[in-house]
Amino acid sequence: MSQPKGNARPGGPGGPGGPGRGPGGFGMPVQKAKNFKGTLFRLMAYLKPHQTKLLLVLLTAILSTVFSIVSPKIMGHAMTDLATGFYGKANGGPGIDFDSINRILLILVVLYIISSVFSYIQQYLMAGVAQNTVYDLRKQVNAKFNRLPLKYFDSKSNGEILSRVVNDVDNIANTLQQSLTQLITSVITLVGIIVMMLTISPLMTLIVFLTIPISLAATAVIAKRSQRYFVKQQAELGKLNGHVEEMYTGHKIVKAFGRERESIEKFDKMNNELYDAGWRAQFISGIIMPIMSFIGNIGYVFVSIVGGILVTRRVIEVGDILAFIQYTRQFTWPITQLANISNVIQSTIASAERVFELLDEEEEVPEANPAKNLTRPNGSVQFDHVNFGYTAEKTLIENMNIDVKPGQTVAIVGPTGAGKTTLVNLLMRFYELNGGKIKIDGVDITDLKRSNLRSMFGMVLQDTWLFNGTIRDNIAYGREGATEEDVVNAAKAAHADHFIRTLPDGYDTILNEEASNISQGQKQLLTIARAILADPSILILDEATSSVDTRTEVFIQKAMGHLMEGRTSFVIAHRLSTIRDADLILVMNQGSIIEQGTHEELLEQGGFYADLYNSQFTGKAIEAV
């Protein structure tokens, strides 16, 4: 599997909580799904096992909202009692009935407590549903990765794969956790408020309703204008991030060529363009809330005027007006919430669609049933009329025949793109053949378990891979259950024990990100030690000394010589001086083996290999044939 690079994280550009989101989410461009309905139903299927809990969430949401909604109406009764008592006392009556008001206040306190309890239960249940759902989804994604062929990882960038696994799944989790409960609460609140307003005064409710189209029209006009600036903001942010990453990863080259000033000027220019787009996007979208407040306040004025007239005519009570005004102020909140949630849901369905696309990717060809296991392979390898191409339209390897005896060292040479690495990928069945067979000890590799097949191979590549952990753990990665003695013996065989013990923490030294606290040559010695510990039957060596100094190369060559003893070895060679002692040299060009033989035999032929070999010592360039 390709090792992801970079640090993608939730909340990055365009992600949940990322920059560019206007107030209330208005104006922000939303990524939309290609098949919204189909993806929505598929995502809902993941919630099916939690139907009971979801029904309880709905019930608690209704109860919590209902208890909260009736509170202004009851508070209105208290205000009516106050007004009635005040006017009564002024006219010689009994005055204010504080016992009645205290009872109403006590009822309100109880209602708010009950509402909060149900709200807590709702959030608690929904948290369990959301996390269990996403847990199952993550397990499926992880299991899918183990079944995907190498060609999937070769065709996708590390950042894109990581984004689907982290950002998109987290986006789904956040929506299930928060937005789904907000959606339920907002709908119930909106319906409840409308009902309560109608019970107080249908006329004043009509006035409030008349402000909605005006608010929506104003919002649509402003959002449409701000959206293009949000789009530009995201584009400029992408450019700026790309420039920063490029300059950061290549800062040594920038300094070496004295390009700091140009780099800073380019950054300043991009930063200014981002600032301009961001300022315009936020300013224009920021106008929405003041305009909505202005329209809402006009509605309050009309409601107050009409309400005052209705009170003087004894149609409604004073407390009803105060309750209605509270409902009017609450009325815009669920509408705003629903607008925000609709955007979030669109983005979430788009994320779910990307995750489902990954889950629907074509998997590796199923293993044979029953699959065979080679317990003690000798290491003989045969390529029998092998044909292969990465695409159906273009054949890279055609009618290849190789017969490698156990313990032989086979060197593979040729120009870039000749098919050397492809040969290795086919050996380990990372890709499927278009025709022919590859056999190990006479057994077709398609009849073997993949795990058994790949356990026969040990790899030492030009690009070393070490994970963040101790040196001991990195070497022990070669074999499960390796003891301390096994690790040390492997390090000694790889000529790595000496340098390891010179480190302050020895085998307990923690390798940091990309193992930058040790040299390239030392990294390579550790990977050889790991391969020695694995004790494979067949070795694959991709020129491991191409990026180290001459002294370190001697150590690596000795370690590799120890590793290759008694094992079938395939050596991808770039420096031909390192493979003169190979039992068989395969010269590849454009996917075909154009020459094969020993070093001396190929030099005597005076063909492609001879030209290639001589060019490395004379400095002459050769033309690919």
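What counts and what doesn't
Residues numbered from 1 in each chain as written. Predicted model: local features only at pLDDT ≥ 70, side-chain atom pairs only at ≥ 80, totals over all residues. Heavy atoms only, no water. Pairing = 2+ DSSP bridges. Helix = DSSP H or I, 4+ residues; strand = E, 2+ residues; numbered from the N terminus. Contact = heavy atoms within 4.5 Å. Salt bridge = Lys/Arg side-chain N within 4 Å of Asp/Glu carboxyl O. Buried < 20%, exposed > 50% of the residue type's maximum accessible area, 1.4 Å probe, protein only. Patch = residues over 30% accessible without salt bridge, like charges linked within 9 Å, V, L, I, M, F, W, Y side chains within 5 Å. Areas by Shrake-Rupley, 256 points an atom, 1.4 Å probe, with all protein chains shown as cover. UniProt positions renumbered as here; feature names shortened; annotations may be inferred. Axes fitted to C-alpha atoms, helices over the stretch in contact; angles between N-to-C directions. Core = buried A, V, L, I, M, F, W, Y, C linked by side-chain atoms within 4.5 Å. Lys, Arg positive; Asp, Glu negative; His and termini not counted. Charge placed at Lys NZ, Arg CZ, Asp CG, Glu CD.

Got a minute to help me understand the pairing of strand β1 (residues 381-388) in this structure?
Within a regular strand, the side chains alternate between the two sheet faces. Alignment of β1 against strand β2 (residues 397-404), held across 5 bridges, turns out to be antiparallel. If you follow Val381 over to β2, its bridge partner there is Val404. Relative to strand β4 (residues 435-440), β1 runs antiparallel, the two being bridged by 5 bridges. Bridge pairing in β4 places Val381 opposite Ile440.

Which parts of the structure should I look at to understand the side chain of Ser201?
With respect to the secondary-structure elements, Ser201 resides in the loop between α5 (158-200) and α6 (202-249). Sequence-distant contacts of Ser201, defined by excluding residues within four places in its chain, comprise Leu310 and Phe324.

Is there a simple way to explain the pattern of salt bridges in this structure?
Under the criterion given, the structure shown has 19 salt bridges. With its nearest N and O atoms 3.9 Å apart, the salt bridge here joins Glu236 to Lys239. Taken as a pair, Glu236 and Lys239 lie in helix α6 at a separation of 3 residues, close to a single helical turn. Here Glu236 falls in the buried class, since its relative accessible area comes to 6%. Owing to a relative accessible area of 48%, Lys239 belongs among the partly exposed residues under this scheme. For Arg450, the salt bridge goes to Glu364, with nearest N and O atoms at 3.6 Å. Of this pair, Arg450 sits in helix α12 (residues 450-455) while Glu364 is found in the loop between α10 (318-359) and β1, placing the two residues 86 residues apart along the sequence. What makes Glu364 buried here is its relative accessible area of 19%. A single salt-bridge network, built from bridges that share partners, covers Glu364, Arg429, Glu432, Arg450 and Arg454.

What exactly am I supposed to notice about a nonpolar patch on the surface here?
On the surface, Val109, Ile113, Val117, Tyr120, Ile121 and Tyr124 cluster together to form a nonpolar patch covering roughly 620 Å² of accessible area. Inspection of the secondary structure assignment puts Val117 in helix α3 (residues 98-147). A residue is classified by how much of its surface remains accessible, and Val117, at 44% relative accessible area, is partly exposed.

Any chance you could explain the UniProt feature "transmembrane region" (unreviewed entry) in the protein chain here in plain terms?
Listed under "transmembrane region" (unreviewed entry) in the UniProt record, and renumbered for this structure, are residues 54-75, 101-121, 180-200, 206-223 and 287-311. Each end of residues 54-75 is marked by a C-alpha atom, and these two atoms are 32 Å apart; helix forms 100% of the span and strand 0%.

What exactly am I supposed to notice about the pairing of β4 here?
Looking at chain direction, β4 and strand β5 (residues 443-444) are connected through 2 bridges and run antiparallel. In the strand pairing of β5, Lys439 is matched with Asp444. Linkage of β4 to β5, two consecutive antiparallel strands, is achieved through a turn of 2 residues, within which Asp441 is found at a positive phi near 55°.

In this structure, what is going on with the sheet that holds strand β11 (residues 584-589)? I would like to understand it.
Adjacent strands of a sheet form backbone hydrogen bonds with each other and so pair up, either parallel or antiparallel. Strand order in the open sheet made by the 6 strands is β6-β9-β10-β3-β11-β12, with mixed pairing throughout. Only two strands of the sheet have a single neighbouring strand rather than two, namely β6 (457-460) and β12 (592-597). Strand-to-strand, the axes of this sheet are offset by a mean angle of 20°, without reference to chain direction. Note: strand β3 (residues 409-413) against β11, 4 bridges, orientation parallel. From the neighbouring strand, Ala411 faces β11, where its bridge partner is Ile585. Relative to the sheet, helix α11 (residues 420-427) contacts β3, β6, β9 (538-542), β10 (568-572) and β11, its axis offset from that of β10 by approximately 150°.

Please explain the nonpolar core as it appears in this structure.
Here is a general trend for soluble globular proteins: nonpolar side chains tend to be buried in one another's company. One finds Ile475, Ile500, Leu526, Ile528, Ile579, Ile585 and Tyr609 to be the most contacted residues of the largest nonpolar core, which totals 45 residues. Filtering out sequence-adjacent residues up to four positions away, Ile500 remains in contact with Ile471, Ile475, Ala491, Gly506, Tyr507 and Leu526. Ranked by size, the runner-up nonpolar core spans 34 residues in total, among them Leu374, Leu427, Ile440 and Ile445.

So what exactly am I meant to see when it comes to the sheet that holds β5 here?
With respect to topology, 4 strands assemble into an open sheet ordered β2-β1-β4-β5, the strand pairing being antiparallel. Strand pairing shows two members of the sheet lacking a second neighbour, β2 and β5, which therefore form its edges. Along the sheet, α11 contacts β1, β2 and β4; its crossing angle with β1, the most-contacted strand, is approximately 115°.

Would you take a moment to explain a negative patch on the surface for this structure?
Negative charge collects at one region of the surface, where Asp581, Glu600, Glu601 and Glu604 lie side by side. Assignment of secondary structure puts Glu601 in helix α18 (residues 599-605). For Glu601, a relative accessible area of 41% puts it in the partly exposed group.

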